[in-house]
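# Coordinate analysis (summary)
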Amino acid sequence: GKPLEEPQVRRSPEIIHGIGNLIQNAIHFAQHEVEVTTSWNADKVSVDIADDGPGFAQSVLARIGEPYISARQVGTPYPAQVGAQHMGLGIFIAQTLLERTGAQLTFDNLSDGGAHIGIEWRRRQLDANEPGLFLREAGE
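Just so you know, these numbers come straight off a predicted model, no measurement behind them.

### Focus: the overall build of the protein chain
Looking only at helices and strands, the protein chain has four helices and four strands in total. Counted from the first residue to the last, the protein chain has its helices and strands arranged as α-β-β-α-α-β-β-α. A sequence separation of at least 24 residues applies to 61% of the contacts in the protein chain between residues at least 6 apart. As displayed, the protein chain has an accessible area near 8,600 Å², and 51% of this comes from carbon and sulfur atoms.

In structure tokens, the structure reads:
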């Protein structure tokens, strides 16, 4: 058969802001590198964000998605306990925005310690060429 075409994603402030916020967070905690990978097949579209920082603390992974402010203490010399603040309100907002577009997010650590966030959509929710739903416009 013919090769699968790249999905044409509708312009979405939720997706732009959500992914941008997660990448900014990764840059903040990375030592040297942030890797953003996109992939797709007939059914799914994925974006993976990985950094080479300290990763998510286990206590944080247990609470991902809860809207609490970063645990950085006033006066604590940075980067003390960096892993503990590898998320906060920004990730909660990004996750909420992305989930509104139909995304499912996973948060974990890489085997060598860095943080990894997976974002996945069903392709028909995202692809402008597909007849499926995207976001309902306000007032519809």
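### Side note on the nonpolar core
Core analysis: the biggest nonpolar cluster contains 21 residues, and I19, L22, F56, L98, L105, I119 and W121 have the highest contact counts within it. Every element with two or more residues in this core is listed here: α1 (13-29), β2 (44-51), α3 (89-100), β3 (104-109) and β4 (115-122). In contact with L22, not counting residues within four places along its chain, are I49, I91, A94, L98, L105, I117 and I119.

### Thoughts on the pattern of salt bridges
Applying the stated criterion across every chain yields a total of three salt bridges. Note that R123 and D127 form a salt bridge whose closest N and O atoms lie 3.0 Å from each other.

### Section: the packing of aromatic side chains
Within the structure shown, the criterion is met by one aromatic pair. Where F56 meets F107, the ring centres are 6.0 Å apart and the plane angle is 75°; that geometry is what we call edge-to-face. Residue F56 is found in the loop between β2 and α2 (58-61), and its partner F107 is found in strand β3; the two are separated by 51 residues along the sequence. Residue classification places F107 among the buried positions, given a relative accessible area of 15%.

### A word on the packing of α1 against α3
Two elements in contact, α1 and α3, have axes separated by 8 Å at closest approach and are oriented at 150°. Crossing of α1 over α3 shows left-handed handedness. Contacts between α1 and α3 involve E14, I15, H17, G18, I19, N21, L22 and N25 from the first element and G90, I91, A94, L97, L98 and R100 from the second.

### A short note on the pairing of β4
Most of β4 sits inside the fold, with six of its eight residues counted as buried. For β2 and β4, the ladder comprises seven bridges, and the chain directions are antiparallel. Considered in β4, the bridge of K44 is made with R122. Across six bridges, the pairing between β3 and β4 is antiparallel. Bridge assignment links T106 to a residue of β4, and that residue is G118.

### With respect to the layout of surface pockets
There is about 200 Å³ of room inside the largest pocket. What lines the largest pocket is a set of 13 residues, among which V9, T38, V45, V47 and L126 lie closest to the centre. Residue assignment for the lining of the largest pocket shows that the elements contributing at least two residues are α1, β1 (34-40) and β2. In the lining of the largest pocket, the residues fall into 10 nonpolar, two polar and one charged.

### With respect to the environment of D48
Within the secondary structure layout, D48 lies in strand β2. A relative accessible area of 24% means that D48 is categorised as partly exposed. With 10 residues separating them in the primary sequence, D48 and T38 have C-alpha atoms 6.4 Å apart. What D48 contacts, discounting residues up to four positions off in sequence, is E35, V36, T37, H116, I117 and G118. At a separation of 2.7 Å, a polar atom in the side chain of D48 contacts the side chain of H116.

Rules behind the numbers
Residues numbered from 1 in each chain as written. Predicted model: local features only at pLDDT ≥ 70, side-chain atom pairs only at ≥ 80, totals over all residues. Heavy atoms only, no water. Helix = DSSP H or I, 4+ residues; strand = E, 2+ residues; numbered from the N terminus. Contact = heavy atoms within 4.5 Å. Areas by Shrake-Rupley, 256 points an atom, 1.4 Å probe, with all protein chains shown as cover. Core = buried A, V, L, I, M, F, W, Y, C linked by side-chain atoms within 4.5 Å. Buried < 20%, exposed > 50% of the residue type's maximum accessible area, 1.4 Å probe, protein only. Salt bridge = Lys/Arg side-chain N within 4 Å of Asp/Glu carboxyl O. Phe/Tyr/Trp six-rings, centres within 6.5 Å; stacked < 30°, edge-to-face > 60°. Axes fitted to C-alpha atoms, helices over the stretch in contact; angles between N-to-C directions. Left-handed = near helix turned anticlockwise from the far one by under 90°. Pairing = 2+ DSSP bridges. 1 Å grid on protein atoms, 1.4 Å probe; cavity = no way out; pocket = protein on both sides within 12 Å on 5 of 7 lines; lining within 4 Å. Points joined across faces, edges and corners; volume = space filled by probe spheres on them. Nonpolar A, V, L, I, M, F, W, Y, C, P; charged D, E, K, R; others polar. Polar contact = N/O pair within 3.5 Å; in protein donor to acceptor, adjacent residues only side chain to side chain.

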